[in-house]
Amino acid sequence: RKEVEQDPGPFNVPEGATVAFNCTYSNSASQSFFWYRQDCRKEPKLLMSVYSSGNEDGRFTAQLNRASQYISLLIRDSKLSDSATYLCVVNPRDTGRRALTFGSGTRLQVQP
Amino acid sequence: DTGVSQDPRHKITKRGQNVTFRCDPISEHNRLYWYRQTLGQGPEFLTYFQNEAQLEKSRLLSDRFSAERPKGSFSTLEIQRTEQGDSAMYLCASSLHGTTSGRSYNEQFFGPGTRLTVL
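Given the structure is predicted, the values throughout are model-derived calculations rather than measurements.

Moving on, we come to the pattern of salt bridges. All names here are of chain B. Within the structure shown, the criterion is met by seven salt bridges over all chains. For arginine 22, the salt bridge is made with aspartate 24, and the minimal N-O distance between the two is 2.7 Å. When its relative accessible area of 25% is taken as the criterion, aspartate 24 is described as partly exposed. In this structure, the salt-bridge partner of arginine 64 is glutamate 83, at a minimum N-O distance of 3.4 Å. Taken together, the residues arginine 64 in the loop between strand 6 (53-57) and strand 7 (65-68) and glutamate 83 in the loop between strand 8 (75-79) and strand 9 (88-95) connect sequence positions 19 residues apart. Salt bridges linked by common partners bring Arg64, Glu83 and Asp86 together as one network.

Listed below in structure tokens is the structure:
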């Protein structure tokens, strides 16, 4: 079982739609959670951190469910520019590791 | 530009050759990471440094791979006797370790990567 699992998609949605991505992680000792965005042939860029209380940044809302070990990202009012791969990222921290563990990503294609 | 920079951006080499990549992190960041990414996958951790100390290495990092960060600033990743399976994007990231309001953070910022093709 992969440490971080995501539905690869692609999710094809019309502009203005609301879309949600889920991600599950296997290490219950994980401490930090993030969503990164990666455009085709570019580097990953931090979209937002995910906190236990949930957090929102404009059209983006991230939530964490520690009991179920899952993380979600909700995008409202999708824009063409939201088309990208969204990477769910976990920092295990159980053995003092500092490196991030990435899912394989969920591809989003927003269509006009 | 004060972001993470990597050089070269692209490298094509023949199997068996050695290659070296350089990463310059964001200047105030004390942690530096190397990742490898292949098509359709997320980045996979290779190794990381806190200042000049290499604190963790992945099982992915075979004996042919070596990384250094001699003065705690830029880092190099060398691959000896390259194999076709080494073809990938090699990403460098940096972060500033610390805490704020009792919450530790580890937000990593990535460079543009070096795309390696081994023929």
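Now that the structure has been shown, the text picks up again.
On to the sheet that holds strand 1 (residues 5-7) of chain B, then. Residue and element names in this part refer to chain B. Taken in spatial order, the four strands line up as 1-3-8-7 in an open sheet, and their pairing is antiparallel. Edge strands, defined here as strands with exactly one partner in the open sheet, are strand 1 and strand 7. Taken pair by pair, the neighbouring strands of this sheet meet at an average axis angle of 15°, ignoring direction. Inspection of the sheet shows strand 7 paired to strand 8 by four bridges, in the antiparallel sense. Its bridge partner being in strand 8, phenylalanine 65 is matched across the sheet by isoleucine 79.

Here we come to the state of the cysteines. Overall, the coordinates contain two disulfides over all chains when judged by the stated rule. A disulfide bridge connects cysteine 23 of chain A with cysteine 88 of chain A, and the sulfur atoms are separated by 1.9 Å. One disulfide, between cysteine 23 of chain A and cysteine 88 of chain A, carries an S-S torsion of -70° and so falls in the left-handed class. With a gap of 65 residues between them, cysteine 23 of chain A in strand 3 (residues 19-25) and cysteine 88 of chain A in strand 9 (residues 84-91) connect regions that are remote in the sequence. For the residue pair cysteine 23 of chain A and cysteine 88 of chain A, the accessibility class agrees, reading buried in each case. Here cysteine 23 of chain B engages in a disulfide with cysteine 92 of chain B; their sulfurs sit 1.8 Å apart. Taking the torsion about the sulfur-sulfur bond, which here is approximately -65°, the covalent link between cysteine 23 of chain B and cysteine 92 of chain B counts as left-handed.

With that settled, consider the sheet that holds strand 7 (residues 60-65) of chain A. Residues and elements named next belong to chain A. Pairing in this open sheet of five strands is antiparallel, and the strands run 1-3-8-7-6 from one edge to the other. Edge positions in the sheet fall to strand 1 (4-6) and strand 6 (55-57), since each has one partner strand and no second. Each strand of the sheet is rotated relative to its neighbour by a mean of 20°, with strand direction disregarded. The sheet contact formed by strand 1 and strand 3 spans three bridges and is antiparallel. Bridging across to strand 3, glutamate 5 finds its partner in threonine 24.

Parameters and conventions
Residues numbered from 1 in each chain as written. Chains lettered and ligands numbered in written order. Predicted model: local features only at pLDDT ≥ 70, side-chain atom pairs only at ≥ 80, totals over all residues. Heavy atoms only, no water. Salt bridge = Lys/Arg side-chain N within 4 Å of Asp/Glu carboxyl O. Buried < 20%, exposed > 50% of the residue type's maximum accessible area, 1.4 Å probe, protein only. Helix = DSSP H or I, 4+ residues; strand = E, 2+ residues; numbered from the N terminus. Pairing = 2+ DSSP bridges. Axes fitted to C-alpha atoms, helices over the stretch in contact; angles between N-to-C directions. Disulfide = S-S within 2.5 Å.

What is shown is where atoms sit, not what they do.
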